[in-house]
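Structural overview for review
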Amino acid sequence: MLSRIAESLFWIGRYIERADGTARILDVHLERLNQLPLAEQRSASQELLAVMGVRSESDDFDLADLLHHMAYDTTNAASIAGSLGAARENARRARETVSSALWETLNTTWYGLSQHRKDVVGTFRFCHWTLERTAMVRGAADTTMSKDESWNFLMLGRSLEKADMTARMLSTADTQASGLSWVNMLRCAGAYESFLRTQRTAFGEKYAAEFLLLDRLFPRSIVYSLSEAEDSLRMLDPSHRRVGFHSDARRIVGQARSFLEFHQSADLLQELPEHMERVQKACAQASDAISRKYFSRAEDNAWVGEIS
């Protein structure tokens, strides 16, 4: 496959999951942030933005700035609008490979970005609209694309970004925007009902963190997402060696997954920040290794655009 097409498919998967994950995180924190006094609101907004990988240089950064940076800024590929625009642009580049249903869903989503109010109430609705649209994009891909090499690059991007975004979501538990219960964290990941059915009477912070981090069957858990990434890398490079791996990415992802899966801890919550930092670092290193092996260039596939 042409490296240009492979790269576009990989980044479609990443950007769709990035938009979905950012919408989930913003949605679950927005009500709490809106109720804080102005001084605490500014501090909490800056901390939440830092968790998402963006540093603010202004001391006057407030909730309105947070909404712009995380939801509506089309010049920022880490925002919801920027991610959806970047996914659409990558689909345009790979138009001969993606299905018509997938392209039309991404295109319609892009043109719907300008139809939302940019206040707090409008952002609540925008986050839920984003979750619906990203679900439609995933559904279009699942039902109209052959499960070939193209699909594996798309799934590889999706699974790496899912692991990274769940790690960022768990990292927000320690911000001042907090006070958020683990029930809200589970709802943020869409995991609340699955958690109740799995755990039954065992309920508490430790069990919730364990579920989102280590559960092998829930699709947004970190271990499940890393396992998915491993499967995609194995399909893309099925060759076997007696020692080591051809792909650095497969080694990095495998080490991160096995460390979590086989690590025993008496206090998982105490170690959570360390685990989350390790997962985010592994996802970034794996993405770089994938770029070096399969794509023509290794820089972030950033995109800048304006909503027409």
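Higher on the page you've got the structure.
Below you will find a few notes about this structure. As the structure is a prediction and not an experimental result, all values here were calculated from the model.

On to the packing of helix α1 (residues 3-35) against helix α7 (residues 149-171), then. Following both chains from N to C, one finds α1 and α7 inclined at 30 degrees, their axes separated by 7 Å at the closest point. Viewed along their axes, α1 and α7 adopt a mutual orientation that is roughly parallel. As for the relative orientation of α1 and α7, their crossing is right-handed in sense. Where α1 approaches α7, its residues A6, L9, F10, I12, G13, R14, E17, R18, G21, T22 and I25 are matched on the opposing element by S150, F153, L154, L156, G157, R158, L160, E161, K162, M165, R168 and M169. By residue class, the composition of the contact of α1 with α7 is 11 nonpolar, 5 polar and 7 charged.

Right, let's get into the pattern of salt bridges. In total, this model carries 22 salt bridges according to the counting rule given. The partner of D164 in a salt bridge is R168, and the shortest N-O contact between them spans 2.8 Å. You can see D164 and its partner R168 sitting in helix α7, 4 residues apart, about one turn around the helix. The residues D164 and R168 share a single accessibility class, namely buried. Here R216 and E261 are joined by a salt bridge, their closest N and O atoms 2.3 Å apart. Here R216 is found in the loop between α10 (205-214) and α11 (222-236), whereas its partner E261 is found in helix α12 (residues 248-262), with 45 residues between them in sequence. Salt bridges sharing partners connect three or more residues here, namely E17, D20, R24, R138, D142, R158 and R220.

Its volume calculated, the second largest pocket comes out at about 280 Å³. What lines the second largest pocket is a set of 16 residues, among which E210, L214, L260, E261 and H263 lie closest to the centre. Secondary structure elements with two or more residues in the lining of the second largest pocket: α9 (192-199), α10, α12 and α13 (268-294). Here the element with the most residues in the lining of the second largest pocket is α10; it accounts for 5 residues. Class assignment for the residues of the lining of the second largest pocket results in 5 nonpolar, 6 polar and 5 charged.

What follows is about α13. Taking 1.5 Å per residue, 27 residues should reach 39 Å; α13 reaches 36 Å between its end C-alpha atoms and fits that length. A bend of about 30 degrees at E274 is the largest found in α13.

What follows concerns α10. Each α-helix turn comprises 3.6 residues. Residues three or four places apart therefore point the same way. Listed as buried for α10 are A208, A209, F211, L212 and L213. Its buried side turned inward, α10 meets α7, α8 (182-188), α9, α11, α12 and α13.

Let us now look at the side chain of S225. Along the chain, S225 turns up in helix α11. When near neighbours in sequence (up to four residues on either side) are disregarded, S225 contacts S159, K162, A163, P219 and R220.

So, on to the nonpolar core. Grouped together as the largest cluster of nonpolar side chains are 96 residues, with contacts concentrated most on L66, L160, L212, I222 and I290. Ranked by residue count, the leading element in this core is α1, at 15 residues. Setting aside anything within four residues of it in sequence, one finds I290 in contact with F10, L156, L160, L233, A249 and F295.

A few words now on the packing of aromatic side chains. When we look at a pair of aromatic rings, we describe it by the centre distance and by the angle of the planes. By the definition in use, this model includes 9 aromatic pairs. Measuring from centroid to centroid gives 5.5 Å for F10 and F295, while their planes differ by 50 degrees, and the two rings are tilted. One end of the pair, F10, is in helix α1; the other, F295, is in the segment after α13, with 285 residues separating them in the sequence. In terms of burial, F10 and F295 fall into one category: buried. Between W11 and Y15 the ring centres are 5.3 Å apart and the planes differ by 35 degrees, which places this aromatic pair in the tilted class. Of this pair, W11 and Y15 both sit in helix α1, 4 residues apart, which is roughly one turn of that helix.

Criteria and thresholds
- Residues numbered from 1 in each chain as written.
- Predicted model: local features only at pLDDT ≥ 70, side-chain atom pairs only at ≥ 80, totals over all residues.
- Heavy atoms only, no water.
- Axes fitted to C-alpha atoms, helices over the stretch in contact; angles between N-to-C directions.
- Helix = DSSP H or I, 4+ residues; strand = E, 2+ residues; numbered from the N terminus.
- Parallel < 35°, antiparallel > 145°, perpendicular 65-115°, else oblique.
- Left-handed = near helix turned anticlockwise from the far one by under 90°.
- Contact = heavy atoms within 4.5 Å.
- Nonpolar A, V, L, I, M, F, W, Y, C, P; charged D, E, K, R; others polar.
- Salt bridge = Lys/Arg side-chain N within 4 Å of Asp/Glu carboxyl O.
- Buried < 20%, exposed > 50% of the residue type's maximum accessible area, 1.4 Å probe, protein only.
- 1 Å grid on protein atoms, 1.4 Å probe; cavity = no way out; pocket = protein on both sides within 12 Å on 5 of 7 lines; lining within 4 Å.
- Points joined across faces, edges and corners; volume = space filled by probe spheres on them.
- Expected span 1.5 Å × (residues − 1).
- Bend = angle between axes of the 7 residues up to and from the residue.
- Core = buried A, V, L, I, M, F, W, Y, C linked by side-chain atoms within 4.5 Å.
- Phe/Tyr/Trp six-rings, centres within 6.5 Å; stacked < 30°, edge-to-face > 60°.

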